[in-house]
Amino acid sequence: MKAKMITPSYTRQIALCCLMLLAATFTVWPQSKREVRAAWVTAVYGLDWPRTRATTPEKMRRQKEELIEILDKLKAAHFNTVLFQTRTRGDVLYRSDIEPFNSILTGKVDGDPGYDPLAFAVEECHKRGMECHAWMVTIPLGNRKHVASLEKKSVTRKKPSICVPYKREYFLNPGNPETKEYLMSLVREVVERYDVDGVHFDYLRYPEHAPRFPDSYDFRRYGKGRSLDQWRRDNITEIVRYIYKGVKQLKPWVKVSTCPVGKYRDTSRYSSRGWNAFHTVYQDVQGWLGEGIQDQIYPMMYFRGNGFYPFALDWKEQSNGRQVIPGLGIYFLDPSEGDWSVEEVERQINFVRKHQLDGEGHYRVKYLMDNTQGLYDILTEKYYTAPALQPVMPWIDNVAPTSPTGVRVEKIKEGYWKISWQPSTDNDKRNAPTYVVYGSDTYPVDTNNPDNILAQRVQGTEFIYAPIRPWTTRKYFAVTAMDRCGNESGTAEGK
C-alpha cells in the first residue's frame, strides 16, 4: 500500500483538529485574578435598556431602576466592565452640545429625560466597583427616516460636507479629513465631562463590501497614488490614531478600544471565507495594535468552532501586548437567533483563559438578564465565582501607588465590621487611587488569590464588611491601593 504524503495543508488540518479537541474539553480553566468581564448594554431600539420612556418623574425613576437592576445582576455575577451605549446613529444618551438625545429615552427626538443617563451609569457602575466605558457608534448615521426625524439637529444638516448617502442610509465619510475632527469633538465632550473609564468605538469601519461607496471625489483629491483599498484603510487608521492621541492628551488612563470584525484576515490555520476586517470593511486592526493606538480590542467573534479558535489565537499573537477581549455571541443561545448550545460558550471561555487572552465581552446583556440556557447561573457557579481586577496598562503607566497604612478592623454591630486605613500618599487628584479590600481565614492574606477579594474600587478610606452568610466571615484583612492603569501597591494588613 502506498503511504499517504503528509502535505503542509494536511498537517494544518491535523493541528486544527487537535486544537478543536483541546477546546472541546470541559475542564474549567482556573480564573485569573485579573481579567475583563464585560457586557454590552444596548440602547438602540431599547434592545437591552430602557423599556420605560421617561415622560414623567415617576417614569424617569422607573427608567433608572431598570438600569440599576441590570448593574446589580452584573455585580452579583462578578462582572467588572459595562459597555454602555452612549451614541447610536447621530444621537446620544448624554447632555451634548453637538447631537440630540436619542428618542428611546422619552419617545421623542431630543426629549429631555430629566437626568443625564451617562452620568447616572458612570456613578452607578463605580458604586459597584465596575468600570463604565462609553460605547459610541461612529460612522453610520441611520436610514433616511431616522435622519429626517432628527431634522436640523442631524449632522447631515449641520455638516453635510462630511456625510454621504449609501444604500438608503447615511454615513460619515471616512475619506474627509474633517470627519475625524467631528468624531473627536463628541469624544472630547464625553471624556472631559464624565468620569468614564473608557471610550469604546463601534462601526469604526466602512460598510461591508462597498466598492461603490461614494468617495471617488475624495479619493482623487487625497489618494496620493495609493490603491483605493489602501487609502480607505489608511482613512480608518487615521481616525483611530487621531482619537487615541486626543484622548491620551485629556486623560491618559481612559481606555480606548474598538469592537472590530471578529476575523482580521485569513490566517495560516484557517480561512476567513471572505469575511474579515482587513478586506471587507477596511480595518487594519493588527496595524493599530502594532502602532500602539489601541489599549483594548473587543473583536466581535460571534462564531463557533473553526470560526472562533484559530482567529482568537491570531489576535493574541499579533496583540503587541495590548488587551484582547473576544466578544462572545451569547445572543446565539436564543433559539430564534441561532440555538447554540451553552457548552459552546463554555468552550470559548475556557479557550480564552487557557491561551491567556484578557477576558470576554458578552453580547448582549439581555441574554445574561434572561439567563438564556442557564448561562448566567453557569457563569456565577463555574467561571466567575470570585471577583476579578482589571488587567494593567503598563504602556501608559507602570508605577504602583504608595501603599495604604494602618489598617484597623472594628466590629460595629453583629455581622458588621468597619475596615479603615490611612490613605496612599499619591497626590494626583485626577488619577487618585482607589482601594482593594481582601479577606482571608489565614494570615498573611494571600492577595494573589481572587477568592480573597472582598471589594474593589473603594473610594475613601473605609469599607463596611457585612458577609451575607455568617459562616463565611473572614478573620484577617488586607488593603491595597490601585491606580486607573491597574497598578497595585503593596499590602497593608489588619486583624
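For clarity, every value in this text was computed on a predicted model and none was experimentally measured.

A. Inspection of the overall build of the chain at higher detail. Broken down by element type, the chain carries 14 helices and 20 strands. For 495 residues, the compact-globule estimate of 2.2 N^0.38 gives 23 Å, and the C-alpha radius of gyration of the chain, at 24 Å, lies within 12% of that figure. Seen through its principal axes, the chain has C-alpha atoms that stretch 80 × 70 × 45 Å. For the chain, the share of sequence-separated contacts (at least 6 apart) that also reach a separation of at least 24 residues comes to 73%. When the accessible area of the chain is evaluated, it comes to approximately 21,500 Å², of which 49% is carbon and sulfur surface. Taking the average place of the 70 positive charges on the side chains of the chain and the average place of its 60 negative ones, the gap between the two points comes to 3 Å.

B. Examining the pairing of strand 13 (residues 359-362) more closely. Residues Gly 359 and Gly 361 of strand 13 are buried on one face, and the alternating residues Glu 360 and His 362, pointing to the opposite face, are buried as well. In the sheet, strand 1 (residues 36-41) pairs with strand 13 via 4 bridges, with the strands oriented parallel. Across the sheet, Val 36 pairs through a bridge with Gly 359, a residue of strand 13. Here 2 bridges tie strand 12 (residues 327-328) to strand 13, and the two strands are oriented parallel to one another. When the bridges of strand 13 are listed, Gly 327 appears paired with Gly 361. Crossover handedness for the path strand 12 to helix 12 (residues 342-354) to strand 13: right-handed.

C. Spotlight on the packing of aromatic side chains. Applying the stated criterion across every chain yields a total of 26 aromatic pairs. Between Tyr 206 and Phe 213, the aromatic rings sit 5.3 Å apart at their centres with planes inclined by 85°, giving edge-to-face as the arrangement. What makes Phe 213 buried here is its relative accessible area of 3%. Among the aromatic residues, those joined into a cluster by ring pairs are Trp 40, Tyr 298, Tyr 302, Tyr 331, Phe 332, Trp 340 and Tyr 363. Taking the ring centre of Tyr 242 as reference, the NZ or CZ of Lys 180 above it sits at 5.3 Å. Of note, Lys 413 hangs over the ring of Tyr 416, and the distance from its end group to the ring centre comes to 4.7 Å.

D. View of the side chain of Arg 233. Following the sequence through the fold, Arg 233 ends up in helix 8 (residues 228-250). Of the side chains bearing the opposite charge, Asp 229 lies closest to the buried Arg 233, which forms no salt bridge; the N-O distance is 4.9 Å. Ignoring sequence-local partners within four residues, the contact set of Arg 233 consists of Phe 278, His 279, Tyr 282, Gln 283 and Asp 284.

Rules used in this analysis
- Residues numbered from 1 in each chain as written.
- Predicted model: local features only at pLDDT ≥ 70, side-chain atom pairs only at ≥ 80, totals over all residues.
- Heavy atoms only, no water.
- Helix = DSSP H or I, 4+ residues; strand = E, 2+ residues; numbered from the N terminus.
- Rg over C-alpha atoms; globule rule 2.2 N^0.38 Å.
- Contact = heavy atoms within 4.5 Å.
- Areas by Shrake-Rupley, 256 points an atom, 1.4 Å probe, with all protein chains shown as cover.
- Lys, Arg positive; Asp, Glu negative; His and termini not counted.
- Charge placed at Lys NZ, Arg CZ, Asp CG, Glu CD.
- Buried < 20%, exposed > 50% of the residue type's maximum accessible area, 1.4 Å probe, protein only.
- Pairing = 2+ DSSP bridges.
- Right-handed = clockwise from strand over helix to strand, strands pointing away.
- Phe/Tyr/Trp six-rings, centres within 6.5 Å; stacked < 30°, edge-to-face > 60°.
- Lys NZ or Arg CZ within 6 Å of the ring centre and 35° of its normal.
- Salt bridge = Lys/Arg side-chain N within 4 Å of Asp/Glu carboxyl O.

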